[in-house]
Each structure stands twice: as C-alpha cells, then as structure tokens.
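A look at the structure
Next come the chains, spelled out residue by residue.
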Amino acid sequence: MKGDLTTGSITGRLLRFALPLMVGNLLQQLYNVADTLIVGRFLGADALAAVGSAYSLMTFLTSILLGLCMGSSAYFSIQFGRRDDDQLKNGFFLSFVLIGAAALVLTAASFALLDPIIRALQAPPDVAPLMRTYLFIIFFGIAATFLYNYFANLLRAVGNSVTPLVFLGISAVLNIVLDLVFVLVFHWGVAGAAVATVLAQYVSGAGLLAYYLLRFPALRVARRHMRWNGGAVREIAGLSVLTCVQQSVMNLGILMVQGLVNSFGTAVMAAFAAAVKIDSFAYMPVQDFGNAFSTFVAQNYGAGKPDRIRRGIRSAAICAVVFCIAVGAAVCVFAAPLMGLFVQPGEDEIIAIGVGYLRIEAVCYTGIGLLFLLYGLYRAVKRPGMSVVLTVISLGTRVVLAHLLSAVPALGVTGIWVSVPIGWALADVTGALFYAKNRRRLLSAREVGAKTRACG
C-alpha cells in the first residue's frame, strides 16, 4: 500500500515509482488527444481548431487545481518521511476542504466568464461558436478533475503510484469509446467529444475516491483528524499556493501564446492544436519523472537524508537527459506521420506548419526535462517560490520573444516556436546556479523537523 523511497537502490526505486506516473499521465493526455484526433479526422479544421484552443484554456484552468494538489502532496510526502501519521491525516482533511472549495469557485468563475474568455483568445468567427459549445460542457468536469488529482496525489505521496494508473486507464479507454460513439454514431459533433471527456473524467475521479475509502483504511481520516491546525494550514498553503502559482503561470503563458497563434489564422491554429498534443505526449513522461523525483526528495527531506537526495539528483538528471535525447530524435524523424494522424488527407499546409514546430521543440527537449527536475526539487525542499521564479523566467521569455520574433517578416510564426526552448534554457541556468550556490542550506537537516514553516 505504501512505498518508502528513503531506503534501497535510488535509481531502481525511483524508476519503479515513476513508471506508473508516466504511463498514467500519458493516458490522461488521451482525454483531449482523443477528442482532437477524432474531431480533426472526422469534423474538419474548424472543429480541430476549436477543440485545440479549448485544450489550452482547460490546461490552464486545471493547472490551478493540479498545482494545489501537487503542493499538498509535497507536504504529505514530508510527513510520511517523518512517520507522523496524525499530522499526515490532518493534512489530508484540511487540504481536501480547502482545495475542494477552490474547485467550486473555479467552476463558477469559468461559467460566468465563458464569453469574455473566448473573445480574449481571439478565436475566428467560424471557430468561436464551436469553442463555446465544447467549453460549456467541459466545465462540468472540473469537479471530477479535482477528485482524481487530489486522491492520485495523496496516494502517490505515500509511494502508491499504481492505483491511480488503473483508474486512469479505465477512463481513458472509456473516453475513446464514447468519443467514437457520440461523434460518429450519434453525430453530436464537438459537443459529443466534450460529453465523452466529462463522463470519463467522473469515472476516474469518483472511482478513485470510492476505492480509497474502501481499500485504504490505514490512510482514512478519523474524527480526531478533522480539526483546524493553523500551523499545518500555513505549511500546506505555502507549498500549495506557490505550486499552484507556478503551474498556472506556466499555463497562462501558454494561453497567452495561444492568442498570438490564433491571430495567424485557422491553418496555424489547427497545426498548433495537433502539434501541441504530440509535444505533450513526447515530454510528458519526463514531467512525471520530475514529479516522482519530487516525492523521492520530499520523503528523504522529511527523513533527514541530504546525502541520499544529492545522489538522487545526479541519478535523476542522467535519466532525464537520456530520455529526452531519445524521444526528441524520434519526434524529429516521425514528425510528419504523427501530424498526419490528426488531420484529414490533403491538409498539407497544416502538416508542414506542425512539422516545423515539432522539430524545433524536439531537439531541445533536454531543456524542459531538466526544468521539470528543478521544479520538483524546489517544491520538495519547501522552496516552491523558486519554482515560480523559474516559471516566470521560462514563460516570460517565451511570451515576450514570441511577440517580438513573430513580428519579424522573415520569421513569422516560426518566431513563436523558437521562443520556447530559449525560455527553457534561461530557466535551467538560473535554477542550476541557485542550487549550486545554496546546496548545503537547501538540503540541510536543520530544515527537517520544522512543523509549521512554509518557505518560498
């Protein structure tokens, strides 16, 4: 039921823990990728552009909840490393109430601001109605997204990364089946794709909640744990809010670039929509490896084992670099056939634009891989504010350069593409230099045992 990452082989334990996370998040990507692929192949470029732009928005909205859950997970892992079960379960209760309330507020705000959001994204007139239809239905799934990510992060924090994978696999397959039925059989268009996604999300979210309650009694919260604890709230908030800011800033930057992409027309929108899905699939495993690494660091930080953390950093960096080089090479080689999966035959312009994007990003995947490790490291040692700084550097560079370079006639939309790896590189250098300068203080055992400190 629980996985202790504070003993044994570092690389072996880290990879075994990370593998279900990698597979699970790839399955989670199938939610929207299935929509994009089926919509693009059977409903055309306008529908593909609508769903693709909606994906960027939903990624931003769900990143708020994901960031809160990930920050809480770091707190859980630290308490697990300390072997403080009462503090751990009290943290479960407090974070569930606080993040659940945030999910309700986010849902209400999304519905209230739907039309202004669509206008802000600069969707063309023929795409905007389709986007509105898709988003109106998708917003009903925000609560399910909270349930799944909260309980998945809770279980992963104590070393169980397999159970969330099982439920995600079931819902991913269900989403694909329902997509085909609702779009091809019932002819519901983009609305059918949205309904399929929401139903599948509730299967994973509600199902994981029920399974946790029935099969994990050792982690169940008792009445004595349902109490206000100001110190725990401050520590959870310090980790969760700043991790939320880091995640949402990262995706807000992407959303801001989405509006710029949309200004280049439907063909570029459609190409970007498909290429981003391929891009996400390619580097998503190393993002999940970064999250697994964060759990490893947090447990060992709580257990007071800085030397083990240092060895883990070296091991994780080697694994991430090797993976990114291999996957980047594969994406460069197969960029055109991968784009062809998402568009109708004969859409050569869309494929060419997407291939250009993919090849620029793929040769630089090492940059994003190392950045994910830095995010995980600083979150785990209770310095989530540093993750925010790195995100602002990465995404701020991306947004500013995207607008500047795309205005150069010789570059055009290519200027948007090249701005991305430049942002990664600057953030990597900043994060590495900060670690090198503050390594002893960051991993100091004196930090371990602080019950209420929330650092950023």
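Predicted, not measured: the structure shown is a model, and the values here were computed from it. (Residues numbered from 1 in each chain as written. Predicted model: local features only at pLDDT ≥ 70, side-chain atom pairs only at ≥ 80, totals over all residues. Heavy atoms only, no water.)

Summed over the entire model, instances satisfying the criterion amount to 26 aromatic pairs. The aromatic ring of phenylalanine 80 is capped on one face by arginine 83, whose charged end is 5.2 Å from the ring centroid. (Phe/Tyr/Trp six-rings, centres within 6.5 Å; stacked < 30°, edge-to-face > 60°. Lys NZ or Arg CZ within 6 Å of the ring centre and 35° of its normal.)

Turning our eyes to something else, we now look at empty space enclosed by the protein. Across all of its chains, the model carries three cavities of 30 Å³ or more by this definition. Put simply, the second largest cavity is a space of about 70 Å³. The element contributing the most residues to the lining of the second largest cavity is helix α13 (residues 365-380), with four residues. Partitioning the lining of the second largest cavity into residue classes produces three nonpolar, six polar and one charged. (1 Å grid on protein atoms, 1.4 Å probe; cavity = no way out; pocket = protein on both sides within 12 Å on 5 of 7 lines; lining within 4 Å. Points joined across faces, edges and corners; volume = space filled by probe spheres on them. Helix = DSSP H or I, 4+ residues; strand = E, 2+ residues; numbered from the N terminus. Nonpolar A, V, L, I, M, F, W, Y, C, P; charged D, E, K, R; others polar.)

It is worth spelling out the packing of helix α10 (residues 266-303) against helix α12 (residues 348-362) at this point. The angle between the axes and the distance between the axes are what describe a pair of packed helices. At a minimum axis separation of 8 Å, α10 and α12 run at an interaxial angle of 40°. Comparing their axes, α12 and α10 come out oblique. Between α10 and α12 lies a crossing whose hand is right-handed. Between α10 and α12, the residues in contact are Ala267, Val268, Ala270, Ala271, Phe272, Ala275, Val276, Ile278 and Asp279 and Glu349, Ile350, Ile353, Gly354, Tyr357, Leu358 and Glu361, respectively. Considering only residue class, the contact of α10 with α12 consists of 12 nonpolar, one polar and three charged. (Axes fitted to C-alpha atoms, helices over the stretch in contact; angles between N-to-C directions. Parallel < 35°, antiparallel > 145°, perpendicular 65-115°, else oblique. Left-handed = near helix turned anticlockwise from the far one by under 90°. Contact = heavy atoms within 4.5 Å.)

Roughly 220 Å³ of volume is contained in the largest pocket. The set of elements that each furnish at least two residues to the lining of the largest pocket consists of α11 (306-340), α13 and α15 (414-442). With four residues, the top contributor of residues to the lining of the largest pocket is α13. In this structure, the second largest pocket spans a volume of roughly 190 Å³. Looking at the second largest pocket, the residues that line it are Phe92, Phe93, Phe96, Tyr150, Phe151, Leu154, Leu209, Tyr212, Leu213, Arg220, Val221 and Met226. Of all the secondary-structure elements, those providing two or more residues to the lining of the second largest pocket are α3 (85-112), α6 (142-157) and α8 (189-215).

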